Amino acid sequence: MTEWSAAAFQGLVALGMALVWWSLYRRYRREDFLWWSVAWTLYVLRIAVIIIFALTRTEAWLFVHQVVTGWTGLVLLWAAVMSSRATRWRKVYALAFAFPVIWSYIAVYRLENFLAAVLPGVVFLSFATFLTGWVFLKRWLITRSRGAAVLAGVLIFWGFHHLDYPFLRARGEWNPWGYYIDILLFLGIAAGILMLLLDELDRRTSDLELLSSRIVRQHEDERRRISLELHDQSAQVWAAVKLQLGLVREESPPKLVPAVDGVLKLVDSGIQSIRAVTTNLRPPLLDDLGLLPALRAQVLSFAEQTGLKITFSAPAAVPPLSEEASLAIYRALQEGLANTVRHSGATAAAVRVNVSNSEFVLCLTDNGRGLPARNWQQENDHVATSAPHSHGLFGMRERVTALHGSMKLESTSPYGSGTSLTIRIPIGRDT
């Protein structure tokens, strides 16, 4: 009774693993998840069949048990291969699945000697398990994945554990401890696969962060190129036009001078617009003088253009930051000030810069109407999807998170009075 209770418990654990992998397959539609589910389902079937054989002592059930046992090892191997690399089924693989059928028939119906009947099947199962462990060992050697290392160790140990069956477990030794060892191995495999998925998720997250950083860098390079073209070509052309108009004005009759002056004013306005656009595209102060002067100049320029009363406070110096971090902070302030004027209805704002040993903090607050009640506190991903007019905020978040920072947008009170934007970027980590 103790032995069958342990076997039933082992079957329940395997069934749980089969259901977990089936649910993962239904959600993500990854083929390796399907094969893991099939492997554990076969293991449940294997346990059910051996229990039926023990109750009926019918050789047909023993034959089915031997076949399913061999197939379980092969499907586990195939699931491991599918998890490690993309591959396709080949017809020659069917020969491996034919071996358990052929040998099980010979062992059950033709051989009388127990060891001769059992040992080849056990060696076959152990070999399949060793190969499964080898697949993950190779993956660990390439990727240094913790999950692959755990799976390789567990599966190789399991391969050795299969080999003790003819000599110990089949003779009543280790009962019910052999089942408990198998359950621990099940849990080890589950932990290894979970770690493998977490490693894969970390890698994909790192890849997405790298891609986001490259997109931001390409965006800034394009802005720099357009800024230089406007400055070196369009602005120079307008300057030449202004010079020529000045010469025309000197030679024009008095009645045409007012008209020429009007054209000159339009040209001046066009030149100023081009300068403003080039400054917004690529702030020269940021490249020439550094981050703090560029932020201070941006605040002063914005106050002059909009009439908004803006105060600026910052330490005398900040640690050197990377070009990406400086641009992210500058663009964040630029977008924040623009949103303050467009949407908040504020009459005053304050910009504060704080620096510690671990992070750079930029905070922009205003006395405007604040966020809607449902958006009173939106942070990181949520701020880019639920805040009004969020396209600029989405770009801001992408820049900040690419640097492992965070962005927080909230009303300064629960009643919607005033808005606060806080940008935090770690210092010393790719900054």
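Everything in this summary refers to the structure shown in the same document. This structure is a prediction, so every number in the text was calculated from the model and none was measured. (Residues numbered from 1 in each chain as written. Predicted model: local features only at pLDDT ≥ 70, side-chain atom pairs only at ≥ 80, totals over all residues. Heavy atoms only, no water.)

1. As for the overall build of the chain
To be explicit about the condition: Strands here are runs of E lasting at least two residues and helices are runs of H or I lasting at least four, both read from the DSSP assignment and numbered beginning at the N terminus. A simple rule labels every residue: compare its accessible area, found with a 1.4 Å probe on the protein chains alone, to the largest value its type can have, and call it buried under 20%, exposed over 50%, or partly exposed in between. It only takes one pair of heavy atoms within 4.5 Å for two residues to be counted as in contact. Using the Shrake-Rupley algorithm and a 1.4 Å probe, accessible areas are obtained, with residue cover drawn only from the displayed protein chains.
Along its length, the chain carries 13 helices and six strands. A burial count over the chain gives 42% of its 431 residues as buried. Taking all contacts inside the chain whose residues are at least 6 apart in sequence as the whole, residues at least 24 apart take part in 69%. Within the structure as shown, the chain displays about 23,900 Å² of accessible surface, and the carbon and sulfur contribution to it stands at 62%.

2. Concerning the packing of aromatic side chains
Note the threshold: What counts as a ring pair is set by centres within 6.5 Å for rings of Phe, Tyr and Trp (its six-membered ring), and what kind of pair is set by the plane angle: stacked under 30 degrees, edge-to-face over 60, tilted for all other angles. The criterion is that NZ of a Lys, or CZ of an Arg, lies within 6 Å of the ring centre and within 35 degrees of the ring normal, and then a charge sits over that ring.
Under the definition given, this model contains 14 aromatic pairs. With a centroid separation of 6.4 Å and 20° between ring planes, the pair formed by Trp36 and Phe136 is classed as stacked. In this pair, Trp36 is assigned in helix H2 (residues 31-56) and Phe136 in helix H5 (residues 114-143), connecting sequence segments 100 residues apart. A relative accessible area of 0% places Phe136 in the buried class. A centroid spacing of 4.9 Å and a plane angle of 70° characterise the contact between Trp40 and Phe186, whose relative ring orientation is edge-to-face. Within this pair, whereas Trp40 is found in helix H2, its partner Phe186 is found in helix H7 (residues 177-251), the two being separated by 146 residues in sequence. The burial state of Trp40 is the same as that of Phe186; both residues are buried. Connected via pairs of aromatic rings, a cluster forms that spans Trp21, Tyr28, Phe33, Trp36 and Phe136. Positioned above the aromatic ring of Trp140, the side-chain terminus of Arg144 is 4.2 Å from the ring centre.

3. Some details on helix H11 (residues 323-344)
Rule in force here: Expected span of a helix: the number of residues minus one, times 1.5 Å.
With 22 residues, H11 ought to run about 32 Å at 1.5 Å a step, and its terminal C-alpha atoms sit 30 Å apart, in line with that. In terms of burial, H11 is a largely internal element, 17 of the 22 residues being buried.

4. Here's the deal with the pairing of strand E1 (residues 309-313)
Threshold: If DSSP finds at least two bridges between two strands, the strands pair. A right-handed crossover is one whose linking path, passing over the helix from the first strand to the second, runs clockwise when the strands point away from the viewer.
Note: E1 against strand E2 (residues 348-355), five bridges, orientation parallel. Directly across from Thr311, in E2, lies its bridge partner Ala350. Remark: the E1/H11/E2 crossover connection has left-handed handedness.

5. Thoughts on the packing of helix H3 (residues 59-84) against H5
What counts, and what does not: For helices, the fitted line uses only the C-alpha atoms of the stretch in contact; every axis is such a line through C-alpha atoms, and the angle between N-to-C directions lies from 0 to 180 degrees. Reported orientations rely on four angle classes, namely roughly parallel under 35 degrees, roughly antiparallel over 145, roughly perpendicular from 65 to 115, and oblique for the rest. Residue polarity is assigned by list, with Asp, Glu, Lys and Arg as charged and Ala, Val, Leu, Ile, Met, Phe, Trp, Tyr, Cys and Pro as nonpolar; anything else, Gly included, falls into the polar class.
In contact at an axis separation of 9 Å, H3 and H5 are set at 10° when each is read in the N-to-C sense. The orientation of H3 with respect to H5, classified from their angle, is roughly parallel. Judged by residue contacts, Thr69, Gly70, Gly73, Leu74, Leu76, Leu77, Ala80, Val81, Ser83 and Ser84 of H3 engage Phe124, Leu125, Ala128, Leu131, Thr132, Val135, Phe136 and Arg139 from H5. Each residue belonging to the contact of H3 with H5 can be placed in one class, and the counts come to eleven nonpolar, six polar and one charged.

6. Considerations on the nonpolar core
This is how the line gets drawn: Take the buried Ala, Val, Leu, Ile, Met, Phe, Trp, Tyr and Cys residues and link them wherever side-chain atoms come within 4.5 Å; each set so joined is a nonpolar core.
By size, the foremost hydrophobic cluster in this structure holds 37 residues, and its most contacted members are Trp36, Trp40, Phe136, Trp158, Phe186 and Ile189. If one sorts the elements of this core by residue count, helix H1 (residues 2-28) sits on top with eight residues. Every residue in contact with Phe136, bar those within four places of it in the chain, is listed here: Trp36, Ala80, Ser84, Ala148, Leu151, Ala152, Leu155 and Leu196. In terms of nonpolar packing, the next biggest core, distinct from the first, is built from 36 residues, Ala294, Ala332, Leu403 and Met407 among them.

7. Brief notes about a nonpolar patch on the surface
Basically, it comes down to this: Patch membership needs two things, relative accessible area over 30% and no salt bridge, and members are linked within 9 Å if like-charged or within 5 Å if nonpolar (Val, Leu, Ile, Met, Phe, Trp, Tyr). A pairing counts as a salt bridge when a side-chain nitrogen of Lys or Arg comes within 4 Å of a carboxyl oxygen of Asp or Glu.
Together, Phe9, Leu12, Leu15, Leu19, Trp177 and Tyr180 make up an exposed nonpolar region whose accessible area comes to about 640 Å². Those elements that place two or more of their residues in the nonpolar patch are H1 and H7. With four residues, H1 is the largest single contributor of residues to the nonpolar patch. Residue Leu19 is classed as exposed on the basis of its relative accessible area of 52%.

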